[in-house]
Amino acid sequence: MELHCHSAYSFLDGASMPEELVGAALELGHQTLALTDHDGVWGSMEFAHAAQGLGLRAIHGAELSLDDGRHVTLLVASARGWSNLCRLLTLAHAHTRDSGSPSLRPAASSLENLGDHAEGLVCLTGCAERGVHDEPGVRRLLEAFGRERLRIELQRPFLQDDRARNRALSGLARRLDLRCVATGNIHAHASSRVHLQDAFVALRHNVTLEASEPLRRANGSHVLATPGAMAARFREHPQAVSETAVLAEQLDFNLVGDLGYRYPGVEDQTAQRRLVELCQARLGDRYGGAGLAAAGDRLEEELRVIEALGLAGFFLLHHDMLELAREVAVEVRGPDTARALLPPGRGRGSSVSSIVCYLTGLSHIDPIASGLSLGRFLNPELTSLPDIDLDFPRDIREVLIRRVHDRYGRDRAALVATFPSFRSRAAIRELGKVLGLPPAEIERVARGADGFARRVERDVEAALGPGRAGSGRWAWLKSLSEEAYGLPRHVSQHPGGMIVATRPLIDCCPVVPAAMEGRQLVQWDKDSCADAGFLKIDLLGLGMLSAVERCVESIAQVRGTRIDLSRIPFDDGPTYAAIQDADTTGVFQIESRAQMQSLRRTRPANLEELAVQVAIIRPGPIQGGAVNPYIERRQRQREDPDYEPPCLHPSLVPVLRETLGTIIFQDQVLEVAQAFAGFAPGEADGLRRAMSRKRATVAIERYRERFRAGAERHVGAPPELIARVWEMVAGFAGFGFPKAHSAAFGLLAYQSTWLRVHYAPEFLCALLNEQPMGFYPPDSLVHEAQRRGIELRAVDINASEAECTVEPVAPPAGGASAAPACGEAGHPVGGFGQAVRIGLGYVSGVREEEIETLVAARREGGPFRSLAELAGRANACRGSLEQLAWSGACDALAGDRRQALWQLGVAAPGRRVPGGTQLALALDVGETPTLAKLGRWANLLADYATTGVSIGDHAMAILRPHLAGVATSSELAVLPHGGTVSVAGLVVARQRPETASGVVFMLLEDEHGTVNLIVPPAVYERHRHIVRAEPLVFARGRLERPAGGGGTINVLVATLRGLDPEHLAGSAATVTRLPSGDPREAGGPEQAEPVAAPDRVQAVGGLRAVAPPVQSFGSGRRR
Amino acid sequence: MSGARRLGGARAARVQADAGGTPIRIDRHTVTQVRESWLIEDRWWTDQPLRRRYWELVSETGRDIVVFHDLLAGSWFRQR
């Protein structure tokens, strides 16, 4: 047995996962293991389940830090002890995020707190280095815990003073009549992790391995050892070894049991009646005429299932949450806004199929009209709580989460934790740093690394050339990164999962303050919470809901039109035309490169088809082989309305009719299993769950046999047919959407497209103000909008607000109305009379409060008339004003950016002094000398360096004259299919879906539109760094524009390179000083237009540093 | 004497150890007591990794001696 053991949940002070410790303990001959992570039980549920599964007796506890910096080891002896441990840990963390604290403060508990919560806990006096070893201290522990529940902890970490310390501790134990125990202070399950533990210590202290010598353990004795080795280590203290075993036997608490958690309403005897009343009251409002009877039947059926499962309180709790959201929405939106017409939030996920959810407001989709079946969400054989996920606009959710804490009590409500883990890129950066590797080389390797792959050796070779990966510290980086892969790095908060409880949650799990003020976290992630039987309510923030609300509000302000999105026409011709032509940049769900390519072929024409579209580009349908058959059948059906799509068996026709004989929705897996193999609803749901779990091969095999036998019995299908249907079902093991979820998301996709088509400037403005969200970075959104004829206006100190705004466009001289502009696909653009002004908030490096002060000063005292006045009135620091000048926001006052910088330099803006800013006198700055104007490239760089958005010349438009023989995106539509083409552009997205067998998809943008590149694995491996890190690329390959592709154009890349100066025609080999976009480097001579070779050298090099972050390999946006 | 010499530097020692690795004779002197033993493992990421088992011993002459066994090279050194 081992009673003192840290896992990786001690965060950078433990190098093994709980299950690795459990496995190693059993192999080494231990029967009992205690997990005692630092100030937390983050991994305890995982540990408990791993131990139960493998047959090890688990003891739970923690190593608690005291407020004087010392440690004690606490072990749980009973349920009361667990509850006390949770309370102690909650108290220890209570001030870790106190306001004013720049970073996380260490958790600490007072001895008084320890005394107050000692019941049910056994205390060991702590580790060799920082334990409580003085007699007065031990006497205080003795007072708190009593002789029976306090032990002197002996450790033997093979340090110079071990024997002396243990002799002294044994003497102390004799004097106080206490017993000793022997522990190993384990930090790794095997010696292979010892080096990683050293690296973690260095990382935790933010120093190199060399500098961390005094902080690290001196040797590898903190690895789990056999019981025999432990006895030998403590041969001078045999009683301590035997007492350890005796104590371990006494600690009898099983975490895998009822912790006493109950969600509010679960025990409410009136819940069913109240739910019935609530639903019945709204049934008549929602359904009328012929539909009422069907709806009544469906409601009755659902309520019966809910009663049988005892879930009425569960629904009422969610309804209560929504009512709370309604109150919050009124506060956040204001009483008389256009947004106020919208519901506070929307349902997503399988719960949208429930009529009870529809009637209680938890869903906005009519399940009967949308043909949604209930089985995936709720069935009589359900063994765990169903999920109801709710989406809210970000601002409402922000307040709602705080309000839920207040409503249910801060000791009864908390968010679920998550544990971001080491992936290769983070491991390369962090472990490379502690190894003391050159920062520039580390960054090069990290940027080129395949984020989720565990092949650091290849990453190093790809970045630094062959031979480096296997030598010296790079070889250590490889092995350390591989060992670290998947270990938790730190604590974060779940996107929206909340736990609420009837009894104090802190009796079940510790609750700690979250990084965001006013929020708190339980110490468990969603899996541990589910294992504990906690009800998780997902209150999710959805950027598009926020954008849609902003857009509706903006339309009301700008045009005086109030829009209720639930009452817009759902058969709008221009909206579907835009969808079918993939003119969907910026809209919800159907905007990505892959979706656009598919849209041109599927051409959705109603909400049902849009729901299918939302679901189709997902791993489930892709792996299940459903995508191409569906698209081809849809095309054939459009050409020939009498076409009957094939179906593998007549029993599957009703189930798969809507999706043309293919499985697109997750619920169809259930329905196929029921219709074809005669599965009961619960059994079918079990199959779905087995498929969605990782490493469930054995369980799936079991279901395969049942499926085979069932199909034979139920429909008498022959073995080959059964195998084919099973293949279709099993192929869906990847992630897929339930139909209800697709219907909910499809509706928002439609609504956002409708807004984009009819109110384009307002929609763009809303997207720009809600960033980050969606597939495209603001720069791409802006360029695409400009191509559609929307006017974009630059950031301006006297015209911009903090956020982007919609401004009226003055009618052209002569009074004639502007001609309607046309989009790329020829669709009319809705916003002829409006332009979008970039907000001051887009200027990076200027603090939010500085912008607010500046805008307030302008409102109060009128527009700024000079730079000197700006410097005097704006109360912004010099750096911020320079950044504003460099962004072009002061051009109207000074002429151009250089002039503005010069004038600001002379104007001496306010200085920060203790207690505030000493304002400058608004003195006249005098004559500005003649300064060369910035070239087009330098302007572009300055835009990217400051706002990240370029509304002037496109990079490719500037480079175009120097790119001989390179086709533009618009020319690709007329070049012959199969021919060789060269293309170039700014990278907008890089993707390598797991389902694409190593193929990388890149989306380039030039001044006319976008180009899709398909980069085969071999080309990717050859040019990995260009694919992953270059902002401007040149590609040569085969043009693919197949006849049946609906206009889809790809370039199958054969060669690829960064667009650097040596590849530009006519480039001279002259190298001049590079302006990087930094204002301080702006004083040098500048080439006048047109761009000449030296300017190009500057420009392309500089763009790497300032190019806007783009969608990159599933890791969000990065440069 | 030429150049600087590090004070307290380790010198090669002739050590006879028992089967468990505990020194029993050092430079002709019998070990009468083991006072402490500790282990240093460091610099594993460099070209000069270090693994040493140190022993603080009392010899028959009553002297306090510190020796270490270089676990990588297999040789013994006297530190004090």
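So, how was this worked out
- Residues numbered from 1 in each chain as written.
- Chains lettered and ligands numbered in written order.
- Predicted model: local features only at pLDDT ≥ 70, side-chain atom pairs only at ≥ 80, totals over all residues.
- Helix = DSSP H or I, 4+ residues; strand = E, 2+ residues; numbered from the N terminus.
- Rg over C-alpha atoms; globule rule 2.2 N^0.38 Å.
- Buried ≥ 20, exposed ≤ 12 C-beta atoms within 10 Å, placed from the backbone.
- Contact = placed C-beta atoms within 7 Å.
- Nonpolar A, V, L, I, M, F, W, Y, C, P; charged D, E, K, R; others polar.
- Expected span 1.5 Å × (residues − 1).
- Pairing = 2+ DSSP bridges.
- Core = buried A, V, L, I, M, F, W, Y, C linked by C-beta atoms within 7 Å.
- Axes fitted to C-alpha atoms, helices over the stretch in contact; angles between N-to-C directions.
- Parallel < 35°, antiparallel > 145°, perpendicular 65-115°, else oblique.
- Left-handed = near helix turned anticlockwise from the far one by under 90°.
- pLDDT = per-residue confidence, 0-100.

Colleague: Sorry, what's going on with the overall build of chain A here?
Modeller: Within chain A, the regular secondary structure consists of 43 helices and 25 strands. For 1119 residues, the compact-globule estimate of 2.2 N^0.38 gives 32 Å, and the C-alpha radius of gyration of chain A, at 33 Å, lies within 12% of that figure. The dimensions of chain A, computed from C-alpha atoms along their principal axes, are 100 × 80 × 60 Å. Across the 1119 residues in chain A, those meeting the buried criterion constitute 51%.

Colleague: Got a minute to help me understand the interface of chain A and chain B in this structure?
Modeller: Think of interface size as the accessible area that goes away when the parts come together; that is how it is often given. The partner chain B presents eight residues to the 15 residues of chain A that form the contact. Sorting the residues of the side of chain A that touches chain B by element identifies α6 (162-175) and α18 (472-484) of chain A as the ones contributing at least two each. Grouping the constituent residues of the side of chain A that touches chain B by class yields six nonpolar, five polar and four charged.

Colleague: Explain helix α11 (residues 290-309) of chain A to me, please; I cannot follow it from the model alone.
Modeller: Residues and elements named next belong to chain A. The terminal C-alpha atoms of α11 lie 30 Å apart, and with 20 residues this matches the ideal 28 Å at 1.5 Å per residue to within 8%. Elements in contact with the buried residues of α11: α10 (271-286), α12 (312-333) and α13 (355-359). Residue G310 follows α11 closely and has a positive phi angle near 65 degrees.

Colleague: Help me understand the sheet that holds strand β2 (residues 15-17) of chain B, please; the structure alone is not making it clear to me.
Modeller: The pairing of strands in a sheet comes from backbone hydrogen bonds and takes either a parallel or an antiparallel form. Residues and elements named next belong to chain B. An order of β1-β7-β6-β5-β4-β3-β2 is seen for the seven strands of this open sheet, with the pairing classed as antiparallel. Strand pairing shows two members of the sheet lacking a second neighbour, β1 (11-12) and β2, which therefore form its edges. With seven bridges joining them, strand β5 (residues 50-59) and strand β6 (residues 64-70) adopt antiparallel strand pairing. Each residue of the ladder has a partner; that of V58, found in β6, is D64.

Colleague: What am I meant to see in the environment of F534 of chain A here?
Modeller: All names here are of chain A. Mapped onto the elements, F534 comes out in the loop between α19 (526-531) and β13 (536-541). On the neighbour-count criterion, F534 (26 C-beta atoms within 10 Å) is buried. Between the C-alpha atoms of F534 and Y263, which are 271 residues apart in sequence, the distance is 7.5 Å. Those residues in contact with F534 that sit more than four places away from it in its chain are Y261, I499 and C529.

Colleague: Help me understand the nonpolar core in this model?
Modeller: Nonpolar side chains tend to gather and get buried jointly when the protein is soluble and globular. Counting residues in each nonpolar core, the largest one holds 331 residues, and the members touching the most others are L33, L75, I499, V522 and A673 of chain A. Apart from the residues within four sequence positions on either side, L75 of chain A is in contact with L3, A34, I59, G61, L121, V122, L124 and L251 of chain A.

Colleague: So what exactly am I meant to see when it comes to the sheet that holds strand β3 (residues 71-76) of chain A here?
Modeller: Residue and element names in this part refer to chain A. Pairing is mixed in the open sheet, where six strands are placed in the order β1-β2-β3-β4-β5-β6. Both edges of this open sheet fall to β1 (32-38) and β6 (179-183), since each of them pairs with a single strand only. Here the strands of the sheet are splayed against their neighbours by 35 degrees on average, with no regard to which way each runs. Across two bridges, the pairing between strand β4 (residues 121-124) and strand β5 (residues 150-155) is parallel. Following the sheet pairing, L124 is matched in β5 by R151. α6 rests against β5 and β6 of the sheet, and its axis sits at about 165 degrees to β5.

Colleague: Can you help me understand the environment of R407 of chain A in this one?
Modeller: Relative to the helices and strands, R407 of chain A is located in helix α14 (residues 394-408). In this structure, the C-alpha to C-alpha distance between R407 of chain A and V500 of chain A, residues 93 residues apart in sequence, is 9.9 Å.

Colleague: Can you help me understand unusual backbone geometry in this one?
Modeller: Residue and element names in this part refer to chain A. Following Q771, the chain continues into P772 via a peptide bond in cis, with omega recorded as 0 degrees. Tracing the chain through its elements places P772 in the loop between α32 (760-769) and α33 (778-787). Its identity as a non-glycine residue notwithstanding, L660 has a phi of 55 degrees, on the positive side. Along the chain, L660 turns up in the loop between α26 (653-656) and α27 (666-677).

Colleague: Can you walk me through the environment of E608 of chain A in this structure?
Modeller: Inspection of the secondary structure assignment puts E608 of chain A in helix α23 (residues 607-616). Along the sequence, E608 of chain A and G371 of chain A sit 237 residues apart, while their C-alpha atoms lie 9.5 Å from each other.

Colleague: Looking at this structure, how should I read the packing of helix α15 (residues 424-434) of chain A against helix α16 (residues 439-448) of chain A?
Modeller: Two quantities define a packed helix pair, namely the angle between the helix axes and the distance between the axes. Residues and elements named next belong to chain A. Remark: α15 packs on α16, axes separated minimally by 8 Å, with the N-to-C direction vectors making an angle of 170 degrees. Judged by the inter-axis angle, α15 sits roughly antiparallel to α16. α15 and α16 meet at a crossing whose hand is right-handed. Contacts between α15 and α16 pair R425, I428, R429, G432 and K433 from the former with I442, V445 and A446 from the latter. For the contact of α15 with α16, a count of residues per class yields four nonpolar, one polar and three charged.

Colleague: Would you explain the confidence of the model for chain A in this entry?
Modeller: Do not read the fine detail of predicted coordinates wherever pLDDT is low. Mean pLDDT for chain A: 88, with 91% of residues reaching 70 or above. Ignoring residues within four places in sequence, the model shows residues 1067-1099 of chain A, a span with pLDDT below 50, making 66 contacts including any to other chains.

Colleague: What's the story with the confidence of the model for chain B in this structure? I'm lost.
Modeller: Here chain B averages 91 in pLDDT, while 96% of its residues score no lower than 70. In the predicted complex, the global pTM is 0.85; the interface-specific ipTM is 0.92.

Colleague: Explain the pairing of strand β19 (residues 980-991) of chain A to me, please; I cannot follow it from the model alone.
Modeller: Two faces belong to every sheet, and in a regular strand the side chains alternate between them. Residues and elements named next belong to chain A. Here β19 lies mainly inside the structure; nine of its 12 residues are buried. One ladder, built from seven bridges, connects β19 with strand β22 (residues 1032-1040); its direction is antiparallel. In the strand pairing of β22, G985 is matched with V1033. The sheet contact formed by β19 and strand β20 (residues 1000-1005) spans five bridges and is antiparallel. Its bridge partner lying in β20, L986 is registered against E1005. The pairing of β19 with strand β24 (residues 1110-1112) spans two bridges and is parallel. Residue pairing for β24: R990 is matched across the bridge by S1112.

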